[in-house]
Amino acid sequence: METWPIGVFASVDAGLGVGWNVISELKVPTIQLHAPHRDNRTAETAESLRAQLGELGVRCTAIFGGFEGESYADIPTVVKTIGLVPAETRQSRLQEMCEISDFAKQLGCDTVALHLGFVPEDSSDEGYAEIVEVTRKLCDHCSDNHQYLHLETGQETAEGLLEFIQQVKRENLKINFDPANMILYGSGEPIDALKKVAKHVRSIHCKDATWSDQPGKTWGAEVPLGEGAVDIRKYLQTLKEIGYTGPLTIEREIPQDPERQKQEISHAIELLNKLKGELLD
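Residues numbered from 1 in each chain as written. Predicted model: local features only at pLDDT ≥ 70, side-chain atom pairs only at ≥ 80, totals over all residues. Heavy atoms only, no water.

1. Some thoughts on the overall build of the chain
Of regular secondary structure, the chain possesses ten helices and ten strands. Relative to the 2.2 N^0.38 estimate, which gives 19 Å for 281 residues, the radius of gyration of the chain is 18 Å and therefore close to what a compact globule would have. By its C-alpha atoms, the chain is 45 × 45 × 35 Å across when sized along the principal axes. For the chain, with 281 residues in total, the buried portion stands at 53%. For the chain, the share of sequence-separated contacts (at least 6 apart) that also reach a separation of at least 24 residues comes to 73%. Of the accessible surface of the chain, which amounts to about 12300 Å², a share of 48% is contributed by carbon and sulfur atoms. If the 28 positive side-chain charges of the chain are averaged to one point and the 45 negative ones to another, these points end up 4 Å apart. (Helix = DSSP H or I, 4+ residues; strand = E, 2+ residues; numbered from the N terminus. Rg over C-alpha atoms; globule rule 2.2 N^0.38 Å. Buried < 20%, exposed > 50% of the residue type's maximum accessible area, 1.4 Å probe, protein only. Contact = heavy atoms within 4.5 Å. Areas by Shrake-Rupley, 256 points an atom, 1.4 Å probe, with all protein chains shown as cover. Lys, Arg positive; Asp, Glu negative; His and termini not counted. Charge placed at Lys NZ, Arg CZ, Asp CG, Glu CD.)

2. Some details on the UniProt feature "domain: Xylose isomerase-like TIM barrel" (unreviewed entry) in the chain
According to UniProt, the feature "domain: Xylose isomerase-like TIM barrel" (unreviewed entry) maps to residues 24-273 in the numbering used here. The distance from the first to the last C-alpha atom of residues 24-273 is 17 Å, and the span holds 44% helix and 16% strand. (UniProt positions renumbered as here; feature names shortened; annotations may be inferred.)

3. Notes on the side chain of Thr 249
Position of Thr 249 relative to the elements: it lies in strand β10 (residues 248-250). Ignoring sequence-local partners within four residues, the contact set of Thr 249 consists of Gly 7, Val 8, Phe 9, Gln 32, Ile 204, His 205 and Cys 206.

4. Some words on the packing of helix α2 (residues 43-56) against helix α4 (residues 90-107)
For the pair α2 and α4, interaxial distance at closest approach is 8 Å and the crossing angle is 40°. As summarised for this structure, α2 and α4 are arranged oblique, according to the angle between their axes. For the crossing formed where α2 meets α4, the hand is right-handed. Here Ala 43, Thr 45, Ala 46, Leu 49 and Arg 50 of α2 lie close against α4, whose contacting residues are Phe 103, Gln 106 and Leu 107. (Axes fitted to C-alpha atoms, helices over the stretch in contact; angles between N-to-C directions. Parallel < 35°, antiparallel > 145°, perpendicular 65-115°, else oblique. Left-handed = near helix turned anticlockwise from the far one by under 90°.)

5. Some details on a negative patch on the surface
A cluster of acidic residues, Glu 121, Asp 122, Asp 125, Glu 126 and Glu 130, forms a negative patch at the surface. Glu 126 gets classed as exposed once you look at its relative accessible area, which sits at 80%. (Patch = residues over 30% accessible without salt bridge, like charges linked within 9 Å, V, L, I, M, F, W, Y side chains within 5 Å. Salt bridge = Lys/Arg side-chain N within 4 Å of Asp/Glu carboxyl O.)

6. Concerning the packing of aromatic side chains
The tally for this structure, following the rule as stated, stands at five aromatic pairs. Look at Phe 118 and Tyr 185: their rings are 5.7 Å apart centre to centre, the planes differ by 75°, and that puts the pair in the edge-to-face class. Note that Phe 118 is positioned in the loop between β4 (111-114) and α5 (128-144) and Tyr 185 in the loop between α7 (179-184) and α8 (190-197), a separation of 67 residues in sequence. Taking relative accessible area as the criterion, Tyr 185 reaches 6% and is therefore assigned buried. Between Phe 177 and Tyr 235, the ring centres sit 6.4 Å apart and the planes meet at 35°, which makes this aromatic pair tilted. A residue pair is termed long-range when its members are at least 10 positions apart, and Phe 177 in strand β6 (residues 173-177) and Tyr 235 in helix α9 (residues 232-241) qualify at 58 residues. (Phe/Tyr/Trp six-rings, centres within 6.5 Å; stacked < 30°, edge-to-face > 60°.)

7. Digging into unusual backbone geometry
Positive phi values are uncommon outside glycine, yet Trp 4 reaches one of about 55°. Tracing the backbone shows Trp 4 in the segment before β1 (6-11). Taking relative accessible area as the criterion, Trp 4 reaches 0% and is therefore assigned buried. One non-glycine residue, Lys 169, lies in positive phi territory at about 60°. Assignment of secondary structure puts Lys 169 in the loop between α6 (158-168) and β6.

8. Quick look at the pairing of β4
Of the two faces of β4, the one carrying Thr 111 and Ala 113 and the one carrying Val 112 and Leu 114 are both buried. The pairing of strand β3 (residues 59-64) with β4 spans two bridges and is parallel. Across the sheet, Phe 64 pairs through a bridge with Ala 113, a residue of β4. In this sheet, strand β5 (residues 148-152) lies alongside β4 in parallel orientation, the contact comprising four bridges. Looking at the pairing, Val 112 lines up with Leu 149 of β5. (Pairing = 2+ DSSP bridges.)

9. Section: α6
Buried within α6 are the following residues: Ala 158, Gly 160, Leu 161, Phe 164, Ile 165 and Val 168. Relative to the axis of α6, the buried residues are bounded by an arc of 160° and lie together on one face. Buried residues belonging to α6 abut α5, β5, β6, α7 and α8. Directly after α6, the chain includes Lys 169, whose backbone phi takes a positive value near 60°. (Arc of directions from axis to C-beta.)

Take a look at the structure:
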């Protein structure tokens, strides 16, 4: 299998990632797919998408879950609304993630992923044990479907994420590493973090960002690949050093400007192919 096949984050109906029609235009061999809305998560939809991907010669490498009521308006809002951490929505969202896992199985995809939410850094904090327990339940459901569960980086430091994985104690719990999120959330230098969590990394995003002037309190800014603080060449060099050979999945969400989104993703594909040529020779 090809080392570092290019991928994009795509969507059928949720408005996140590139539209379905753009996948064929970009001519990428892999995608990560934002899970369709519940009404569209049917066996018929899965079969149809599977056939379309087959015709395009595209492999779906992960299905990402997301929920009604989530908001990335600012960091305090993320704390309150994202993932399986908020207690009041935890059980209904666990049920929905199990449904997404079942849909991924129908699609023939062995990986489910999500933003879990803000997990406390200290494992003795109130609510930590409950977050561990709900993650175990989701891991076990995914395991029954012969799937991995990937946690996207961002909210936790590398040390906090390692501690959480150790607490969950599930072999199918892995990491989707997003270097830009470490910068956007102010949770750590991405290259150092990647080295620390390397053994758990099973998928990655190629995304770039600049630091906030108040890291951890206000957002950094997402920018086109190669124009931020990630240092994409060093990022790929580090991926090579840790033995990562999977897809390089570009995430660039500008749903309000699809033409600009497509142009920036096309530029990112060119940049990654150039760096691949230089680093893999």
